[in-house]
Amino acid sequence: MAAYLLRRLIQAVLILLGVSIVTFLLLFLVPADPARQIAGRSATPAMVESIREQLGLNLPIYQQYWRYLSALLHGDLGRSYLQRTDVSTLVWARLPASLLLMAGGIVCELVLGLTMGLVAALRRNSRLDQGLMIASFVGVSAPQFVVGILLLYVFAVKLNWFPIGGYGSFSQLVLPSLTLGVLGAGWYSRMMRSAMLDVLRQDYIRTARAKGLARLRVIFRHAVPNAILPIVAMIGIDVGIFMSGIVVVESVYGWPGIGQLTWQAIQRVDIPIIMGVTLISACAIVLGNLLADLIAPMIDPRIKLR
Amino acid sequence: MKTRGLLLSTALAGLIGLAAFATPAAAFEENIKQGGSMVVTYKDDVATLDPAIGYDWQNWSMIKSLFTRLMDYEPGTSKLTKDLADDYTVSPDGLVYTFKLHHGVKFTNGRELTADDVKYSLDRATNPKTQSPGASFFKSIKGYDDIAGGKADTLAGVSVVDPYTVKIELAHADATILQVLALNFASVVPKEEVEKAGADFGKHPVGSGAFKLSEWTLGQRIVFERNKDYFKAGVPKLDQVTFEVGQEPVVALLRMQRGEVDLPGDGIPPAKYMEVTKDPAYQGRILRTADLKTSYITMNTRMKPFDDVRVRKAVNMAINKDRIVRVINGRATPANQVLPPDMPGYDKDYKGYSYDPAKAKDLLKEAGLADGFETTIFTNNTDPNPRITQAIQQDLAAVGIKATIKALDQANVIAAGGEPDQAPMIWSGGMAWGADFPDPSDFYGPILSCASATKGGWNWSWYCNKDLDQQGLDADAMADPAKAEERYAKWKGIFDKVMDDAPWVPVFNDARISVHSPKIGGSDAQFLDLVHQPVNYDYIYATDVQ
């Protein structure tokens, strides 16, 4: 176990290093010139040159990368070009909102997805099953900004059940979480359905029914826990999907998380923020996958770590 | 630049029209009671409230309300007035300005503002270490080159005579210097607070303006509170202004209908424009002003075939501007010259190139391009700009010019425009030039002069006419206020000659449209202030406390 963990952690560091190199290169290729952006449109060439020097943008790219990397190892993500504030300060200030939204998204996708899958499996090949599977298909394919705007329009604007965007109260959390969770709910309902169908065919289920247990008890005591296990391990991987989802969902709902920070930084080519958020997301994805792999054998002894 | 493009784009507006309203509005204001609050929303986060750095749509007038400057404008107009300066004198040669400061002005940390602070603030704004986007505005002050080049730490031309007197010496006469001293970049900051906050002063601003910052929750909310020690009695009207950021304009509008928002800072989104303006519920609360901005097509005069003036003139005649204005539901007025109508120096007798595809074809034939040619037009990829560019593309096709549209992110269009051989044509919409202060020179130097035809510059036509450059310098040396009209006439002549060379197709002058909740009031001119853009928060009042 310890050896496995060590190997995975080393892999993780290598992946993050790779991500940082690729992102750095890509952002280096963006034609916008940060020194000019900072200097403003009326700047004299001398002023632009001075800012370029102060930021180290006149150095060859490998030196710039080295500077970035050494700062990074000290926990310094650099300063935003436009906000002139430490990127870490900006990210930390917005992280709680994003984590809350992700937690809400996970709850929504599990509750929705598992229920849909369960019902579909129990009513296999019925109209209800077909309807639910079509719904899950739509959930998987619908772009999140469309889902977001639709939910906002129907439940906030027309029905007035929820506030129109914003952050701070539980009622404001519902619609964004739902939007974020719809995609996962679509996947999970399909997985849950097939897992349930698998489990329901097992001998122990037949035994349980044969000894006269009530149908509901068989389902919730014997079938569901076994069907859920492989799905729970997937949650770690969801973190990666959520990282891209929050950029859209947070912008639609005015949710003050890192997704919104990223979107605004991209629009204004604020390279240090884009770089910082990319690295943090990569970290989250790598860790999420690692966690998923570690949890899997705990809940299903048939899986072994190698 | 979206940021300042929109910003002082409007800076100049209705010099004539709005100035006329200013007097009755001002008289009315004295009876307005202080108190109450309002909620303002913006889509984009407020990057910084450091006056040396902030240069965005959102933070421009916020900074104006937090800090004071030697000069300002009469609220709702573009008429310069004294602000921190009780009085000033100008030497006969126009090179030395001496300002007498108002006594007893206090920073919100309790300390009195003195001449040392004025000098410190100008030194700070021009020091390259501050990385101020406004530093170059001060280039006519003596010693600017030394401080910009890192050879000095202080502006030699700015000196403290006594605690209430500042002397500013110029390297050469500059008719715009008083306007420059009214820019946000010339705001007075307290040295001890700047040093305490270091690079984070933009998040912990301390000034001597009408409001002070009382709360800033990153990415969510900024709250301003009335500065009770503000040196102008009876100002500001509101006790509190809350800014909520990260709110899409459509969402802001819906929240306003519910009474949660008083002022959607980004205005009415284009998609909602018809619906809102036709809705009787909004009657009397929709404000419209001619924006002091020109949106135009640039033609790169260094790239074939636009190096031929006949081709550029032909393109000017090929564009149907009325149709383009219809494409955007009439949110603009067609333009025929560089300057917007309310800018001093605008030539109202100028006819420009009228829409005439047949004549355009003749001109192309004359230039040896009877079969037309192929080219590329760059545009910012946010609505409505790609739609406008399609209209331009059709107009060009009608005279035989086959233009391919390249819709890119704004930063990439700006970058392409700053290269001598990248973008043959650019539609400037969304990034169009707006003046930083209400003076025609700001529409020439940074976008049409030879000096601006450099890599990374904003002269996307790469237009360079040395003779006109010299005439501009001569005009700006006419610093005597008595000669202002003569100076404007000179600029008028310069811009007429620019149009003879036709580096641009001026397409339209944007209108700015705003709406607010019934809970707040103020004159139209203050809601659409020309200088305190987008809104002059100091004079907006709450209707429920009247």
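For the structure, check the block above.
Calculation rules
Residues numbered from 1 in each chain as written. Chains lettered and ligands numbered in written order. Predicted model: local features only at pLDDT ≥ 70, side-chain atom pairs only at ≥ 80, totals over all residues. Heavy atoms only, no water. Pairing = 2+ DSSP bridges. Helix = DSSP H or I, 4+ residues; strand = E, 2+ residues; numbered from the N terminus. Phe/Tyr/Trp six-rings, centres within 6.5 Å; stacked < 30°, edge-to-face > 60°. Buried < 20%, exposed > 50% of the residue type's maximum accessible area, 1.4 Å probe, protein only. Contact = heavy atoms within 4.5 Å. Axes fitted to C-alpha atoms, helices over the stretch in contact; angles between N-to-C directions.

(A) Looking closely at the pairing of strand β9 (residues 221-226) of chain B. All names here are of chain B. Alignment of strand β8 (residues 211-217) against β9, held across 6 bridges, turns out to be antiparallel. Paired with Leu213 across the two strands is Phe224, which belongs to β9. Between β8 and β9, which pair antiparallel in sequence order, lie 3 residues; one of them, Gly219, sits at a positive phi of approximately 80°. Pairing geometry for β9 and strand β10 (residues 240-245), over 5 bridges, is antiparallel. Considered in β10, the bridge of Ile222 is made with Phe243.

(B) Fine view of the packing of aromatic side chains. Residue and element names in this part refer to chain B. Using the criterion set out here, one finds 23 aromatic pairs over all chains in the structure. With a centroid separation of 6.2 Å and 70° between ring planes, the pair formed by Phe137 and Phe437 is classed as edge-to-face. Of the two residues, Phe137 is situated in the loop between α4 (115-126) and α5 (144-148) and Phe437 in the loop between β16 (425-427) and α15 (445-448); the sequence distance between them amounts to 300 residues. Overall, the relative accessible area of 9% leaves Phe137 in the buried class. Classification of Phe437 as buried rests on a relative accessible area of 4%. Taking the centre distance of 5.6 Å and the plane angle of 55° together, the rings of Tyr444 and Trp491 count as tilted.

(C) Representation of the environment of Ser514 of chain B in the model. Residues and elements named next belong to chain B. Residue position: Ser514 is located in strand β17 (residues 504-515). Linking Ser514 and Gly267, residues 247 residues apart in sequence, is a C-alpha distance of 4.9 Å. If we skip the residues at most four places from it in the chain, Ser514 touches Leu263, Arg285, Ile286, Leu287 and Leu528.

(D) Expanded view of the sheet that holds β9 of chain B. Residue and element names in this part refer to chain B. A sheet is described by the order of its strands in space; here 5 strands give the open sequence β8-β9-β10-β1-β11, paired in mixed fashion. Among the strands making up the open sheet, the edge pair consists of β8 and β11 (263-264). Packed onto the sheet, helix α3 (residues 59-66) meets β8, β9 and β10 and runs at close to 130° relative to β8.

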